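# Coordinates in review
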Amino acid sequence: MFRLDGAEFRVLSGALHYFRVHPDLWRHRLSMLRAMGLNTVETYVPWNLHEPRPGEFRRLDELARFLDAAAAEGLLAIVRPGPYICAEWDNGGLPSWLTGKVRTSDPGYLGQVDRYFDRLIPLVAERQVTRGGNVIMVQVENEYGSYGSDRAYLRHLADGLVARGVEVPLFTSDGPADWLLTGGAVPGVLATVNFGSDPEQAFATLRAHRPGEPLFCMEFWCGWFDHWGHKHVTREAEDAADVLERTLATGASVNMYMAHGGTNFGGWAGANQTGELATGEWRPTVTSYDYDAPIDERGAPTEKFWRFREVLSQYAGELPDVPPTPPALPPATLLPTGSARLADVLDAVALPEVTAATPPSFEDLGLHHGLVLYRVEVPGPRGPQPLTVRGLHDRAHVLVDGEQVAVLERGQPAPVLEVAGPATVELLVESMGRTNYGPLVGERKGLLDGVLHRQQYLHEVGARAIPLDELPEVPFHKEVTGEGRAFFRFSLEVSEPADAFLELPGWGKGYVWVNGFCLGRYWERGPQRTLYVPAPLLRAGGNEIVVLELDGPGPALEVRAEPDLG
């Protein structure tokens, strides 16, 4: 049991990330947590969302408003401010512009963390239960034992939280293994463990390291996430409910990860590297963060919800009624009303070209995510020689004198390309998710090495950044092209806004915006086939949908009432 205001209190918590749910839907999702039997909500805080450029803070009020909304729904709150969060979020929440040795006591890195925490932590501190609010716990870093052993770093963070006014218990969370707990725990700070099964063994390991402390599973992994090109992951509701019941039978507190996953809108989905050491094959995460959670992506209860509600009712007493699931739009088929080839609208959607001796990375260009069009010249006259691209992060359309000759992907075998000179070679490079877990956090995007003609580097590289966070002003034409690397416009008439799912059968890979808001990426590779459209993004009457298709368009866009996640 956990102690709150001097009394024993069992924390029954669920993860719900405010940045993965439209703000207008927070109250509904929070009420779903209460109806499942939870008394607390947990959220991470992504640094890169709130400080996209050094010293430029934005959207911090969202965390404050979310905590206030949770309080209004009768929920306590656990805040996990990082600075690193993992969370299958791009770069584990660390800004791409960071310098210094991240996640260590390096003075340059700590100075940037301190500046951020000076803005963030007071918003949390003033909402603690000790000051009449609902925040009961604050985390120190996240799963640090899976990364490092810099005790001075963890101590600096813990002391900094206290110095900024945090009075509620601090905690760390790590996997239930000796090497993880000894690397990630902080003396005098509550240690918690994360697991998806075998709670008895996990807590036995925790007790061996922290005898006498309350048992707390800070992440009960009741589902899992998906990667592009791999099978959709699910977990049987009965199995998950059994582990939850056994966890609570030990007298422990629990935070289910995730109670409601939401969506990786825009380009915020992260990536993972396979293997026990997290250094293997790079796999980007899909747009949906449904997570096979008990409350699905659009807020509907699943079979897992009902089984968890049965278990939790034994500890939470009489539960409130389950809120109705929001309505969905009827199915519809939309045809494009206009298009614009990317090459024809570069001046409208791209930043001015930068020229450098070697390819600048996305980070060098100040671009967190999106596209960069690189240009190099093959001198001539010279005969055909192999063209090689080195250090590609992550995908590139290769054009020679304006004609596409290949699509290259990170970690995949490249075709043999023979190019004679003189020639202009262009590479439209797309960034996918930055690695969010393990020793390779902090990767860069773009052409990280260069372009070679035979063994000769091609220098004097032009680069044009194409940001995709916000929809650029695209000058559309009524003619609809059949080519890829083009924007397409659709119109959706709605009598009353409601949730929807968009499917793009026959399309290749790209991005979708609804009324200027980026839903995220789609890819024919799957497993995800539909993109979730929250009702608050729509308005009565006409709605604009814009698709940036990189590979090749299909015939139409389908509006669905149900998701297809594979």
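Everything here concerns the structure above.
None of the values given here were measured: they were computed from a predicted structure.

## Some remarks on the nonpolar core
If you look at the biggest cluster of nonpolar residues, it comprises 95 residues, and the most contacted ones within it are Phe220, Met256 and Phe308. Here this core takes eight residues from helix H4 (residues 107-125), the largest share from any one element. Setting aside chain neighbours within four positions, we find phenylalanine 220 in contact with Phe195, Gly196, Arg235, Ala240, Val243, Leu244, Val254, Asn255, Met256, Tyr257 and Phe308. If you look at the next biggest cluster of nonpolar residues, it comprises 27 residues, including Leu367, Val389, Ala423 and Leu458.

## Section: empty space enclosed by the protein
The gaps of empty space that remain are located by a probe, the size of a water molecule, rolled over the atoms. In total, this model carries four cavities of 30 Å³ or more according to the counting rule given. Lining the largest cavity are 13 residues, and of these Asp226, His232, Ser288, Asp290 and Tyr291 sit closest to its centre. Tallied by class, residues from the lining of the largest cavity come to seven nonpolar, three polar and three charged. Lining the second largest cavity we find Gly266, Gly267, His369, Gly370, Leu468, Asp469, Tyr511, Cys518 and Arg521. Taken together, the residues of the lining of the second largest cavity break down into three nonpolar, four polar and two charged.

## A short note on the environment of glycine 506
One can find glycine 506 in the loop between strand S24 (500-503) and strand S25 (509-514). Judged by relative accessible area, glycine 506 falls into the exposed class, the value being 58%. As a C-alpha pair, glycine 506 and leucine 312 span 194 residues in sequence and 44 Å in three-dimensional space. Every residue in contact with glycine 506, bar those within four places of it in the chain, is listed here: Gly552, Pro553 and Gly554.

## Side note on the side chain of glutamate 143
Inspection of the secondary structure puts glutamate 143 in the loop between strand S6 (135-139) and helix H5 (151-163). Here glutamate 143 sits buried without a salt bridge, and the closest side chain of opposite charge, arginine 80, lies 6.0 Å off (N-O distance). The residues contacting glutamate 143, other than those within four sequence positions of it, are Arg103, Ser173, Asp174, Asn194, Glu219, Trp221 and Tyr437.

## Structural notes on H4
Counted at 1.5 Å a residue, the expected span for H4 with its 19 residues is 27 Å, and the 25 Å between its end C-alpha atoms agrees. If you look at H4, its biggest bend is around 40°, right at phenylalanine 117. Of the residues making up H4, those classed as buried are Tyr109, Leu110, Gln112, Val113, Tyr116, Phe117, Leu120, Ile121, Val124 and Ala125. Residues of H4 that are buried in the fold lie against helix H2 (47-50), helix H3 (60-72), strand S5 (76-80), S6 and H5. In this structure aspartate 106 caps H4, since a side-chain oxygen of it lies 3.2 Å from the backbone nitrogen of glycine 108.

## Notes on helix H7 (residues 199-209)
The set of residues buried in H7 consists of Pro199, Ala202, Phe203, Thr205 and Leu206. In an axial view of H7, the angular spread of the buried residues amounts to 155°, which keeps them on one side of the axis.

## What about the packing of aromatic side chains?
Applying the stated criterion across every chain, the model contains 28 aromatic pairs. Between the aromatic rings of phenylalanine 195 and phenylalanine 203, the centroid separation amounts to 5.4 Å while the plane-to-plane angle is 85°, which identifies the pairing as edge-to-face. Look at phenylalanine 488 and tryptophan 507: their rings are 5.2 Å apart centre to centre, the planes differ by 90°, and that puts the pair in the edge-to-face class. Separated by 19 residues along the polypeptide, phenylalanine 488 in strand S23 (residues 486-494) and tryptophan 507 in the loop between S24 and S25 bring together distant segments of the chain. Taking the relative accessible area as the measure of exposure, phenylalanine 488 reaches 1% and is therefore buried. Given the relative accessible area of 2%, tryptophan 507 is considered buried. Among the aromatic residues, those joined into a cluster by ring pairs are Tyr44, Trp221, Trp224, Phe225, Tyr257, Tyr289 and Tyr291. Over the ring of tyrosine 84 we find arginine 103, and its NZ or CZ is 3.5 Å from the ring centre. Against the face of tryptophan 523 rests lysine 509, its NZ or CZ located 4.7 Å from the ring centre.

## What to know about the environment of aspartate 344
Mapped onto the fold, aspartate 344 is located in the loop between strand S14 (338-341) and helix H10 (346-349). The exposed category is assigned to aspartate 344, whose relative accessible area is 52%. Distance from aspartate 344 to alanine 486, taken between C-alpha atoms, is 9.1 Å for residues 142 residues apart in sequence.

## As for the sheet that holds S5
Pairing is parallel around the closed barrel formed by eight strands, whose spatial order is S3-S4-S5-S6-S7-S8-S9-S10. The mean angle between the axes of side-by-side strands here comes to 30°, regardless of whether they run parallel or antiparallel. Pairing analysis gives three bridges linking strand S3 (residues 12-16) to strand S4 (residues 40-44), with the strands arranged parallel. Across the sheet, the residue bridging to glycine 14 is valine 41, located in S4. Set on the sheet, H3 makes contact with S3, S4, S5 and S6; between it and S4 the angle comes to about 170°. Contacting S3, strand S9 (216-221) and strand S10 (253-260), helix H9 (residues 303-316) runs over the sheet at an angle of about 140° to S3.

## Points about unusual backbone geometry
Tyrosine 257 connects to methionine 258 through a cis peptide bond whose omega is -5°. Tracing the backbone shows methionine 258 in strand S10. Its identity as a non-glycine residue notwithstanding, asparagine 91 has a phi of 60°, on the positive side. Tracing the sequence through the fold places asparagine 91 in the loop between S5 and H4. Notably, arginine 485 is not glycine yet its phi reads approximately 55°, a positive angle. Relative to the assigned elements, arginine 485 resides in the loop between strand S22 (461-467) and S23.

## Examining the packing of helix H1 (residues 26-36) against H9
Relative to each other, H1 and H9 sit at 50°, their axes nearing to 8 Å. Between H1 and H9, the angle is such that the two are oblique. Taken together, the residues of H9 that come into contact with H1 (itself represented by Met32, Ala35 and Met36) are Phe305, Phe308, Arg309 and Leu312. The residue makeup of the contact of H1 with H9, split by class, is six nonpolar, no polar and one charged.

## A word on the sheet that holds strand S29 (residues 557-560)
Spatial ordering of the open sheet is given by S13-S29-S24-S27, a layout of four strands whose pairing is antiparallel. For this open sheet the edge positions go to strand S13 (332-334) and strand S27 (530-533), each flanked by a neighbour on one side alone. Across the sheet, the axes of successive neighbouring strands diverge by a mean angle of 25°, strand direction being ignored. Where S24 and S29 come together, three bridges link them in antiparallel fashion. Looking across to S29, one finds that leucine 502 is bridged to valine 559.

Conventions and cut-offs
- Residues numbered from 1 in each chain as written.
- Predicted model: local features only at pLDDT ≥ 70, side-chain atom pairs only at ≥ 80, totals over all residues.
- Heavy atoms only, no water.
- Core = buried A, V, L, I, M, F, W, Y, C linked by side-chain atoms within 4.5 Å.
- Buried < 20%, exposed > 50% of the residue type's maximum accessible area, 1.4 Å probe, protein only.
- Helix = DSSP H or I, 4+ residues; strand = E, 2+ residues; numbered from the N terminus.
- Contact = heavy atoms within 4.5 Å.
- 1 Å grid on protein atoms, 1.4 Å probe; cavity = no way out; pocket = protein on both sides within 12 Å on 5 of 7 lines; lining within 4 Å.
- Points joined across faces, edges and corners; volume = space filled by probe spheres on them.
- Nonpolar A, V, L, I, M, F, W, Y, C, P; charged D, E, K, R; others polar.
- Lys, Arg positive; Asp, Glu negative; His and termini not counted.
- Salt bridge = Lys/Arg side-chain N within 4 Å of Asp/Glu carboxyl O.
- Expected span 1.5 Å × (residues − 1).
- Bend = angle between axes of the 7 residues up to and from the residue.
- Polar contact = N/O pair within 3.5 Å; in protein donor to acceptor, adjacent residues only side chain to side chain.
- Arc of directions from axis to C-beta.
- Phe/Tyr/Trp six-rings, centres within 6.5 Å; stacked < 30°, edge-to-face > 60°.
- Lys NZ or Arg CZ within 6 Å of the ring centre and 35° of its normal.
- Pairing = 2+ DSSP bridges.
- Axes fitted to C-alpha atoms, helices over the stretch in contact; angles between N-to-C directions.
- Parallel < 35°, antiparallel > 145°, perpendicular 65-115°, else oblique.

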